[in-house]
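Summary of structural features
So you can see what is in the structure, the chains are spelled out below.
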Amino acid sequence: EPIMQFSCFFWLGDLNYRINDNFDYIVNKFKEEGEKAVPELLKIEEMYDIKKNNEAFANFEEMPISFIPTYRLLRSTPVWSRKKDQCPSWCDRILWAQQPTCKLNPISYDSMPEVYGSDHRPVLAEFDVEVQAPFFAGNITNA
């Protein structure tokens with residue numbers, strides 16, 4: 001795989017994987033249980049099966065998700081939008097892959113539900129990364 005030529009590779013953004021279920025059921029589940037509903041609902045989320053079956057992101061890791069979905073919310077409120085009847089989902093993700101030349105320690109993974117302006121809420125991750133310098137043959141001079 002071409003991306004595996006790098007010591008550390010981060011894949012992040014709106015990956016568009018969703019929970020395909022009944023909108024009202026999912027919204028009520030989060031209203032009643034909040035973040036406690038996350039582990040159960042992640043099991044019916046599209047990316048869960050795709051990664052489990054190695055259909056995509058086979059060499060990528062993701063820190064455990066413990067935050068409520070970051071998509072589809074009304075732009076200036078903490079209320080989920082019913083537009084297109086799409087369930088609240090974790091579309092916004094941060095994945096990584098690494099080679100032995102990269103020592104990567106994941107530290108934290110969270111969302112920023114208080115940041116408005118889009119129907120997505122931002123996600124953030126913190127990593128401690130140590131990358132070994134590649135071997136260079138010959139002399140290296142500063143230009």
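We now turn to the structure provided with this report. (Residues numbered from 1 in each chain as written. Predicted model: local features only at pLDDT ≥ 70, side-chain atom pairs only at ≥ 80, totals over all residues. Heavy atoms only, no water.)

So, the pattern of salt bridges
What the rule picks out here adds up to seven salt bridges. Between arginine 82 and aspartate 24 there is a salt bridge, with its nearest N and O atoms 2.8 Å apart. In this pair, arginine 82 is assigned in the loop between α3 (46-52) and β2 (92-98) and aspartate 24 in helix α1 (residues 23-33), connecting sequence segments 58 residues apart. The class of arginine 82 is partly exposed, set by a relative accessible area of 39%. Notably, a salt bridge pairs arginine 82 with aspartate 85, separated by 2.8 Å at the nearest N-O pair. For aspartate 85, a relative accessible area of 44% gives the class partly exposed. Among the charged side chains, a salt-bridge network with shared partners connects Asp24, Arg82 and Asp85. (Salt bridge = Lys/Arg side-chain N within 4 Å of Asp/Glu carboxyl O. Helix = DSSP H or I, 4+ residues; strand = E, 2+ residues; numbered from the N terminus. Buried < 20%, exposed > 50% of the residue type's maximum accessible area, 1.4 Å probe, protein only.)

Re the side chain of lysine 29
With respect to the helices, strands and loops of the structure, lysine 29 is situated in helix α1. Side-chain polar atoms of lysine 29 contact the side chain of glutamate 33, separated by 2.9 Å. One polar contact links lysine 29 to glutamate 40, side chain to side chain, over a distance of 3.1 Å. In this structure, lysine 29 is in contact with Gly34, Ala37, Glu40 and Leu41, ignoring residues within four places of it in sequence. (Polar contact = N/O pair within 3.5 Å; in protein donor to acceptor, adjacent residues only side chain to side chain. Contact = heavy atoms within 4.5 Å.)

Digging into unusual backbone geometry
We note that phenylalanine 57 has phi near 55 degrees; this positive angle belongs to a residue other than glycine. Structurally, phenylalanine 57 is set in the loop between α3 and β2. For phenylalanine 57, a relative accessible area of 12% translates into the label buried. A positive phi angle is found at aspartate 85, which is not glycine, with a value near 55 degrees. Topologically, aspartate 85 is positioned in the loop between α3 and β2.

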